[in-house]
Amino acid sequence: MAPVQTAKMSNFRWVICALLFLATTVNYMDRQVLSLTWKDFIAPEFHWTDADYGTITGFFSLFYAIANLFAGKFIDWMGTKKGYLIAIFVWSTGAVLHAGCGWAAMTYEGYDSVAQLGQLTGDAAVAIATVSVWLFLSCRLILAVGEAGNFPAAIKATAEYFPAKDRAFSTSIFNSGASVGALAAPATIPLLARAWGWEMAFIIIGVLGYIWMGLWMWAYDKPRKNKYVNQAELNYIEQDSDLAEVQDRDAVKEEKSIPFFKCFSYKQTWAFLVGKFMTDGVWWFFLFWAPAYFSDQYGYTTDSGMGIALIFTLYLIVTVLSIGGGYLPKYFVEKKGMNPYLGRMRAMFIFACFPVLGLFAQPMGAYSAWWPAILIGLLGAGHQAWSANLFSTIGDMFPKSTIGTIVGLGTMTGGLGSMAINMGSGQFFTWAADQGEAFSFFGFEGKPAAYMVVFCICAVAYLIGWCIMKALVPKYKPITLED
């Protein structure tokens, strides 16, 4: 009699991870179209200042923050599949609508063509700037509401498809989509804007989300219901779950969820919120302002060869190095025998030291624009590695039924931090440029001095955030709910 053959384990969980990666890539490309077109394409047409752009990015962060207050709960309520589909449909629609802002502003102000707008002066220029800012804010509102669902849905899918020991690695993979999106954006978006206009850049990138929806509808289902997941892979996915010991899954009661307001009674919640508030704004600042920084400080426009090379190099460093963010805590857990939380916190301390390099970006820029690109890239890599592990602490601490809610709350506080730094920076840069030599900091004057101030804030934010998190939750302490 032939021996019984053990079925080879399927690996469909990595297909799901790949789709999460693609969604996050599209998410960040949609978000970055504006940052790569405003300075050299949109601002001349609508007469925007740094303060105008700061207002748009700041309010986008506020919209994103408010939407995240409900996004996690929405994903928990709708489920991962439907919730993700709705989220990406909304944000893709918002992205495409940006393309109509020029036409809408022209029509509202009674001009015959968009080309006339850039020739306006005086009160007419102020009027078109004001109208266009409001139009872009409306589109950013729709974009923000949809994008708020990305990370709650992705983290929930990761918790459903990966055991605890693999979550930091899988999260770092899909989270690297943020840097890949940021990497692909400067290589494509400015060229699209130069070839066919900034409007077409919004449309083409926005349509990618609709394509992703078809892939998600084909691939996703709960692991137990997914025909592409065999029993061996299911056992692997559920290896650290109490549910794995239950033979009849239909008899298992659905896990209780933590009531919304009760979430705030746990120090674990506040540790995550602080981590997000202190650090998300740093990533968003460089995402939104790096193209303008190289244009302002060094004269390299976003569609120039050097401008593209600098931004591409910056995010290439982020992409390559950030993937290692999942390996370090795994090493601490598997090789050093630490529990997942302690291993993650030790890794996060190491990653929190990377942004300190941002202190040297502006001074080293006196020698070459490549130095800021490299140093900001290392800062960004530290952020992405930090962020992947910060997200994974939720799976360590909270029941799966509440993961979406906690992610939504954390992303909300991250959005508030981003609003503060982006809106504040826009106002600060305009003020510093007006002050000129009257404002100095660390040997820099005017707008360069303002950049140096913001870089200093970004450099220390992670270490401060880590210290507060460690003080709130010094040891591994998962939340358990009684029946």
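Residues numbered from 1 in each chain as written. Predicted model: local features only at pLDDT ≥ 70, side-chain atom pairs only at ≥ 80, totals over all residues. Heavy atoms only, no water.

J.: Looking at this structure, I do not really get the overall build of the protein chain. What am I missing?
T.: Secondary structure assignment for the protein chain yields 17 helices and 2 strands. Computed over the C-alpha atoms, the radius of gyration of the protein chain is 23 Å, within 12% of the 23 Å expected from 2.2 N^0.38 for a compact globule of 483 residues. The dimensions of the protein chain, computed from C-alpha atoms along their principal axes, are 85 × 50 × 45 Å. When the accessible area of the protein chain is evaluated, it comes to approximately 19500 Å², of which 66% is carbon and sulfur surface. When the 32 basic and 33 acidic side-chain charges of the protein chain are each reduced to a single mean position, those positions are 13 Å apart. (Helix = DSSP H or I, 4+ residues; strand = E, 2+ residues; numbered from the N terminus. Rg over C-alpha atoms; globule rule 2.2 N^0.38 Å. Areas by Shrake-Rupley, 256 points an atom, 1.4 Å probe, with all protein chains shown as cover. Lys, Arg positive; Asp, Glu negative; His and termini not counted. Charge placed at Lys NZ, Arg CZ, Asp CG, Glu CD.)

J.: For this particular structure, what's the right way to read the pattern of salt bridges?
T.: Where charged atoms of side chains with opposite charge meet at close range, the side chains can pair. Taken as a whole and assessed by the stated rule, the structure comprises 9 salt bridges. For Glu-233, the salt bridge is made with Arg-13, and the minimal N-O distance between the two is 3.1 Å. With a gap of 220 residues between them, Glu-233 in helix α9 (residues 231-237) and Arg-13 in helix α1 (residues 12-46) connect regions that are remote in the sequence. This pair shows no difference in class: Glu-233 is buried, exactly as Arg-13 is. Between Glu-160 and Lys-222 there is a salt bridge, with the nearest N and O atoms lying 2.8 Å from each other. With a gap of 62 residues between them, Glu-160 in helix α6 (residues 150-161) and Lys-222 in the loop between α8 (198-219) and α9 connect regions that are remote in the sequence. A relative accessible area of 39% means that Lys-222 is categorised as partly exposed. (Salt bridge = Lys/Arg side-chain N within 4 Å of Asp/Glu carboxyl O. Buried < 20%, exposed > 50% of the residue type's maximum accessible area, 1.4 Å probe, protein only.)

J.: Where do I start with the packing of helix α13 (residues 340-353) against helix α17 (residues 447-472) in this structure?
T.: For any two helices packed against each other, one specifies the inter-axial angle together with the distance between the axes. Look at α13 against α17: their axes get within 8 Å of each other, and the N-to-C directions meet at 160°. Considering the angle they form, α13 stands roughly antiparallel to α17. Pair α13 / α17 crosses with left-handed handedness. Facing α13, whose interface residues are Tyr-341, Leu-342, Met-345, Met-348, Phe-349, Ala-352 and Cys-353, α17 presents Tyr-462, Leu-463, Trp-466, Met-469 and Lys-470. Per-class residue counts for the contact of α13 with α17 are 11 nonpolar, no polar and 1 charged. (Axes fitted to C-alpha atoms, helices over the stretch in contact; angles between N-to-C directions. Parallel < 35°, antiparallel > 145°, perpendicular 65-115°, else oblique. Left-handed = near helix turned anticlockwise from the far one by under 90°. Contact = heavy atoms within 4.5 Å. Nonpolar A, V, L, I, M, F, W, Y, C, P; charged D, E, K, R; others polar.)

J.: Is there a simple way to explain the packing of helix α16 (residues 403-435) against α17 in this structure?
T.: Close contact between α16 and α17 brings their axes to 8 Å; oriented N to C, the two are set at 155°. By the angle between their directions, the pair α16 and α17 is classed as roughly antiparallel. The interaxial crossing formed by α16 with α17 has right-handed handedness. Side by side, α16 and α17 meet where Ile-421, Ser-425, Phe-428, Phe-429, Ala-432 and Ala-433 of the first sit next to Lys-447, Ala-450, Tyr-451, Val-453, Val-454 and Cys-458 of the second.

J.: Would you explain the nonpolar core in this entry?
T.: If you look at soluble globular proteins, the nonpolar side chains tend to sit buried side by side. If you look at the biggest cluster of nonpolar residues, it comprises 143 residues, and the most contacted ones within it are Trp-48, Phe-136 and Phe-285. If one sorts the elements of this core by residue count, α1 sits on top with 17 residues. Leaving out residues up to four positions away in the same chain, Trp-48 has contacts with Leu-34, Trp-38, Ile-42, Ala-43, Ile-56, Ala-129, Ser-132, Val-133 and Phe-136. (Core = buried A, V, L, I, M, F, W, Y, C linked by side-chain atoms within 4.5 Å.)

J.: Can you walk me through the confidence of the model for the protein chain in this structure?
T.: Low-pLDDT portions of the prediction should not be read for the details of their coordinates. For the protein chain, per-residue confidence averages 87 on the pLDDT scale, and residues scoring 70 or more make up 94% of the total. Mean pLDDT across the elements of the protein chain bottoms out in helix α12 (residues 327-334) (77) and peaks in α17 (95). Low confidence marks residues 242-253, where pLDDT is under 50. Its contacts with residues over four positions away, or in another chain, come to 7 contacts. (pLDDT = per-residue confidence, 0-100.)

J.: Hey, could you run me through the packing of aromatic side chains in this one?
T.: Each aromatic ring pair is described using two quantities: the centre-to-centre distance and the angle formed by the ring planes. The full count for this structure, using the stated rule, is 55 aromatic pairs. Between Trp-14 and Phe-169 the ring centres are 6.0 Å apart and the planes differ by 65°, which places this aromatic pair in the edge-to-face class. Here the residue Trp-14 occupies a position in helix α1, and Phe-169 occupies one in helix α7 (residues 164-196), the gap between them amounting to 155 residues. Phe-169 gets classed as buried once you look at its relative accessible area, which sits at 16%. Aromatic side chains Trp-218 and Tyr-228 sit 5.6 Å apart centroid to centroid with 55° between the ring planes, which places their arrangement in the tilted category. (Phe/Tyr/Trp six-rings, centres within 6.5 Å; stacked < 30°, edge-to-face > 60°.)

J.: Is there a simple way to explain a nonpolar patch on the surface in this structure?
T.: Side chains of Phe-89, Val-207, Leu-208, Tyr-210 and Ile-211 sit close together on the surface and give an oily, nonpolar patch of about 410 Å² of accessible area. Here the element with the most residues in the nonpolar patch is α8; it accounts for 4 residues. Note that Val-207 resides in helix α8. (Patch = residues over 30% accessible without salt bridge, like charges linked within 9 Å, V, L, I, M, F, W, Y side chains within 5 Å.)

J.: Any chance you could explain helix α11 (residues 305-322) here in plain terms?
T.: Residues lying three or four places apart along an α-helix face the same way, a consequence of the helix completing one turn every 3.6 residues. The end-to-end C-alpha separation of α11 is 25 Å, in line with the 26 Å expected for 18 residues at 1.5 Å each. Buried within α11 are the following residues: Gly-307, Ile-308, Leu-310, Ile-311, Leu-314, Tyr-315, Ile-317, Val-318, Thr-319 and Ser-322. Looking at the packing, one finds that the buried side of α11 touches α1, α7, α10 (267-298) and α15 (370-397). (Expected span 1.5 Å × (residues − 1).)

J.: Even after reading the chapter, I still don't get the side chain of Thr-37, so can you show me in this structure?
T.: Position of Thr-37 among the secondary structure elements: in helix α1. Here the side chain of Thr-37 touches Val-33 through a polar contact of 2.7 Å, landing on its backbone oxygen. (Polar contact = N/O pair within 3.5 Å; in protein donor to acceptor, adjacent residues only side chain to side chain.)

J.: I tried to follow unusual backbone geometry on my own but got confused; where do I start?
T.: The phi angle of most residues is negative, glycine excepted, and most peptide bonds adopt the trans form. Of note, the phi angle at His-47 is positive, near 65°, even though the residue is not glycine. Tracing the chain through its elements places His-47 in the loop between α1 and α2 (50-78). In this structure His-47 comes out as partly exposed when scored by relative accessible area, which is 23%. Unlike most non-glycine residues, Phe-442 shows phi in positive territory, near 50°. For Phe-442, the position within the fold is in the loop between β1 (440-441) and β2 (444-445). You can call Phe-442 exposed: its relative accessible area is 62%.

J.: I'm lost on the side chain of Thr-302 in this one. Help?
T.: Counting through the fold element by element, Thr-302 comes out in the loop between α10 and α11. Within the local environment of Thr-302, its side chain forms a polar contact with the backbone oxygen of Leu-36, the two atoms lying 3.1 Å apart. The contacts of Thr-302, once residues within four sequence positions are left out, are Leu-36, Asp-40, Phe-41, Pro-190, Pro-291 and Ile-308.

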